[in-house]
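Architecture and fold: a report
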Amino acid sequence: QIVPLWIAPNVLTFSGFVMILVNYFLLSFYDWDYTASGSSPGLVPTWVWMFSAFTTFCAYTLDSIDGKQARRTQSSSPLGELFDHGLDSWATSIFVLSFFSICSRDNGKTGVSVYTMYLYLSIVLFNFLCSHWEKYNTGVLFLPWGYDLSQVVLIAAYLLTGALGVEVWHKPLLFGYYITDVLVILLIGFSLFLSFPQTLYNIHRAHLKKTLKNGSLYEGLLPLVSPLLLFILLTVWVVLSPGNILAKQPRLFLWMVGVAFSNVVVSIL
């Protein structure tokens, strides 16, 4: 309610996205190849982590209130929704790519491998796809609580890194597992046992109520074909690349994955 009525909701949406981009490019400047936090702790100044927490919080807040501002100003429109969720489809990958600067790339002792990074990003994008595939079939976007949790965890991770240094990520947390290992395990577990089953349940419930937007199984599954084909081809490229593209240019490759995904999935929105 503190936002003036003359501010358009799309301005809030775009402002949040710009803050995400600024944070990403700032981290890219200090940590292009994802090694700054692993091989040489301290290369990323403390203020950068605090700034990352601030921009993430602001972007999360703006993304949460743009729809409320649209209804408050009676300016809701399909174009505004497409603009909002289209930027979200891009921002989803940027959040993950920024997080990788915290845990760092595997240096033989600490960090995560580039293949784990690719898996982590793929799972997050898969969850985003499921939410909007669900809306495509049911007409209702049941935003999973996992999105809110991921933003809180990301902000907390930046604050923790700024307060204690990146060394906190290089110490075993429990039974020899590092914090990054635990986060990956939790991500996979939430995706396979909570998020995806919930999506299928909501679609099944809409089918029982006869409120599905698509009358046939073919039409319902069709939006999954292009994203599935995209990730099959990307994975083949990662595995069979003669130049080991993911290891040589992880940031560029993972950025390309996010941009390609956004361009493919936006047709579902």
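Being a predicted model, the structure only gives us computed values, none of them experimental.

1. Some points on a nonpolar patch on the surface
Residues L149, V153, L186, F190, L192, F193 and L194 make up a contiguous nonpolar surface patch of about 630 Å² in total accessible area. Top contributing element to the nonpolar patch by residue count: helix 6 (residues 179–208), with five residues. In this fold, L194 is placed in helix 6. Among the residues examined, L194 registers a relative accessible area of 40% and is labelled partly exposed.

2. Some thoughts on the environment of L221
Within the element layout of this structure, L221 appears in helix 7 (residues 217–221). The exposure class assigned to L221 is partly exposed, which follows from its relative accessible area of 39%. Residues L221 and Q198, 23 residues apart in the sequence, show an inter-C-alpha distance of 17 Å.

3. Details of unusual backbone geometry
A positive phi angle, near 70 degrees, is found at S104, a position not held by glycine. Inspection of the secondary structure assignment puts S104 in the loop between helix 3 (78–103) and helix 4 (114–138). Exposure remark for S104: the relative accessible area of 0% places this residue in the buried category.

4. Some thoughts on the layout of surface pockets
Considered as a void within the structure, the second largest pocket measures approximately 260 Å³ in volume. In terms of lining, the second largest pocket is formed by 14 residues, of which the most central are F126, L129, P227, L228 and F231. Counted by class, the lining of the second largest pocket contains 13 nonpolar, one polar and no charged residues.

5. Considering the nonpolar core
F99, F100, Y118 and L254 are the most contacted members of the largest nonpolar core, which has 56 residues in total. With residues up to four places along the chain from it excluded, the contact list for F100 reads Y34, M117, Y120 and L254.

6. Considering the UniProt feature "transmembrane region" (unreviewed entry) in the chain
As recorded in UniProt, the sites labelled "transmembrane region" (unreviewed entry) are residues 6–30, 42–62, 112–129, 149–170, 182–201, 221–240 and 252–268. Helix makes up 88% of residues 6–30 and strand 0%, with an end-to-end C-alpha separation of 38 Å.

What counts and what doesn't
Residues numbered from 1 in each chain as written. Predicted model: local features only at pLDDT ≥ 70, side-chain atom pairs only at ≥ 80, totals over all residues. Heavy atoms only, no water. Patch = residues over 30% accessible without salt bridge, like charges linked within 9 Å, V, L, I, M, F, W, Y side chains within 5 Å. Areas by Shrake-Rupley, 256 points an atom, 1.4 Å probe, with all protein chains shown as cover. Salt bridge = Lys/Arg side-chain N within 4 Å of Asp/Glu carboxyl O. Helix = DSSP H or I, 4+ residues; strand = E, 2+ residues; numbered from the N terminus. Buried < 20%, exposed > 50% of the residue type's maximum accessible area, 1.4 Å probe, protein only. 1 Å grid on protein atoms, 1.4 Å probe; cavity = no way out; pocket = protein on both sides within 12 Å on 5 of 7 lines; lining within 4 Å. Points joined across faces, edges and corners; volume = space filled by probe spheres on them. Nonpolar A, V, L, I, M, F, W, Y, C, P; charged D, E, K, R; others polar. Core = buried A, V, L, I, M, F, W, Y, C linked by side-chain atoms within 4.5 Å. Contact = heavy atoms within 4.5 Å. UniProt positions renumbered as here; feature names shortened; annotations may be inferred.

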